[in-house]
Amino acid sequence: MAGQIFPTWMWYFLPTGWIHVVVHTFLVTILFVPLVGFVVQEEYEARDILRKNLVKLYFIRLFSDLIGAFFIFTSILISFFVNEKTSFGAYFIHDLVGKMTRSPFSTVEGFLWITTGLLIAMAINYQMNKKYSFKTLRLSEKERMNMIKYSAILSSPFWFYLTEKMLYRFFTMQFIGG
């Protein structure tokens with residue numbers, strides 16, 4: 001039961017979770033580049049972008065997702081310093097952190113906390129791609145900025161909203177027929 005309600009953003013803080021993180025980040029990095037090329041629709045090959053920037057894109061995405069996950073994780077760290085006997089402490093520990101780790105959609109505050117972590121990851125991804133990626137390509141400034149913007153949006157860690165229980169239900173319904 002505990003494995004079914006474990007939040008996916010916690011995978012960043014467990015050694016076995018890095019198997020999921022590394023594979024997921026690599027797959028999204030490879031898949032989003034042709035998608036960005038389709039959305040931007042300018043004169044370049046997605047293959048060239050991948051070949052020239054794959055390692056940079058991968059590590060930028062991994063770093064930005066880690067920072068976003070760490071922001072979400074700070075709610076758990078803060079809960080260690082909050083007195084559970086006060087009304088704020090009880091609310092913070094049980095209603096915000098407790099419910100947020102089980103389902104991000106159970107409270108508005110939990111949803112906003114996770115959305116803030118997602119936006120932090122997106123902003124870091126955008127700024128680092130702007131500074132380090134896509135500079136060696138023969139793109140106009142408009143094309144480059146569109147590519148950076150779409151790559152930050154399309155490769156964002158939207159899976160922070162999922163819990164393993166949601167994933168477990170999806171895969172058992174899809175592949176086992178449950």
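Anything mentioned here points back to the structure above.
Residues numbered from 1 in each chain as written. Predicted model: local features only at pLDDT ≥ 70, side-chain atom pairs only at ≥ 80, totals over all residues. Heavy atoms only, no water.

**As for the overall build of the chain**
Stage number 1. Scanning the chain from terminus to terminus reveals six helices and zero strands.
Stage number 2. Listed by position from the N terminus, the elements making up the chain come as α-α-α-α-α-α.
Stage number 3. In the chain, the proportion of contacts linking residues at least 24 apart, taken out of those at least 6 apart, comes to 71%.
Stage number 4. By element, 68% of the accessible surface of the chain is carried by carbon and sulfur atoms, the whole surface being about 10200 Å². (Helix = DSSP H or I, 4+ residues; strand = E, 2+ residues; numbered from the N terminus. Contact = heavy atoms within 4.5 Å. Areas by Shrake-Rupley, 256 points an atom, 1.4 Å probe, with all protein chains shown as cover.)

**Some remarks on the nonpolar core**
Stage number 1. Counting residues in hydrophobic clusters, the biggest one holds 15 residues, and the most contacted among them are Y12, I72, M100, I114 and F160.
Stage number 2. For this core, the secondary structure elements donating two or more residues are α2 (46-79) and α4 (108-132).
Stage number 3. With near-sequence residues (within four places) excluded, Y12 lies in contact with W18, V21, T25, L62, D65, L66, A69, W159 and F160. (Core = buried A, V, L, I, M, F, W, Y, C linked by side-chain atoms within 4.5 Å. Buried < 20%, exposed > 50% of the residue type's maximum accessible area, 1.4 Å probe, protein only.)

**A few points about the pattern of salt bridges**
Stage number 1. Applying the stated criterion across every chain yields a total of one salt bridge.
Stage number 2. Residue D65 is joined to R61 by a salt bridge in which the shortest nitrogen-to-oxygen separation is 3.0 Å. Note that D65 and R61 are positioned in helix α2 at a spacing of four residues, about one turn of the helix. Side by side, D65 and R61 carry an identical accessibility label, which is buried. (Salt bridge = Lys/Arg side-chain N within 4 Å of Asp/Glu carboxyl O.)

**Thoughts on the packing of helix α3 (residues 87-102) against α4**
Stage number 1. It is at 8 Å that the axes of α3 and α4 come closest, and there the two elements cross at 60°. Between α3 and α4, the crossing angle belongs to the class labelled oblique. Crossing handedness for the pair α3 and α4: right-handed. On α4, the residues that touch Y91, L96 and M100 of α3 are E109, G110, W113 and I114.
Stage number 2. Its residues placed into classes, the contact of α3 with α4 shows five nonpolar, one polar and one charged. (Axes fitted to C-alpha atoms, helices over the stretch in contact; angles between N-to-C directions. Parallel < 35°, antiparallel > 145°, perpendicular 65-115°, else oblique. Left-handed = near helix turned anticlockwise from the far one by under 90°. Nonpolar A, V, L, I, M, F, W, Y, C, P; charged D, E, K, R; others polar.)

**Focus: the packing of aromatic side chains**
Describing an aromatic ring pair means giving the distance of the ring centres and the angle of the ring planes.
Stage number 1. In this structure the tally under the stated criterion is four aromatic pairs.
Stage number 2. Ring geometry for Y58 against F59: centres 5.1 Å apart, planes inclined by 75°, an arrangement best described as edge-to-face.
Stage number 3. The class of Y58 is buried, set by a relative accessible area of 12%.
Stage number 4. Cation over ring: K149 sits above Y150, and NZ or CZ is 5.2 Å from the ring centre. (Phe/Tyr/Trp six-rings, centres within 6.5 Å; stacked < 30°, edge-to-face > 60°. Lys NZ or Arg CZ within 6 Å of the ring centre and 35° of its normal.)

**Structural notes on helix α5 (residues 141-154)**
Since the α-helix packs 3.6 residues into each turn, any two residues three or four apart lie on the same face.
Stage number 1. For α5, spanning 14 residues, the distance from its first C-alpha to its last is 20 Å, which sits close to the expected 20 Å at 1.5 Å a residue.
Stage number 2. Within the span of α5, buried status applies to E143, R144, N146, M147, I148, S151 and A152. (Expected span 1.5 Å × (residues − 1).)

**Considering α4**
Stage number 1. With 25 residues, α4 ought to run about 36 Å at 1.5 Å a step, and its terminal C-alpha atoms sit 36 Å apart, in line with that.
Stage number 2. All of the buried residues in α4 are G110, W113, I114, T115, G117, L118, A121, M122, N125 and N129.
Stage number 3. Of the residues trailing α4, F134 is marked for its positive phi of about 65°.

**Section: the environment of F80**
Stage number 1. Residue placement: F80 occurs in the loop between α2 and α3.
Stage number 2. On the basis of relative accessibility, which here comes to 62%, the residue F80 falls in the exposed class.
Stage number 3. In the structure, F80 is positioned 13 residues away from I93 in sequence and 8.7 Å away in space, judged by C-alpha atoms.

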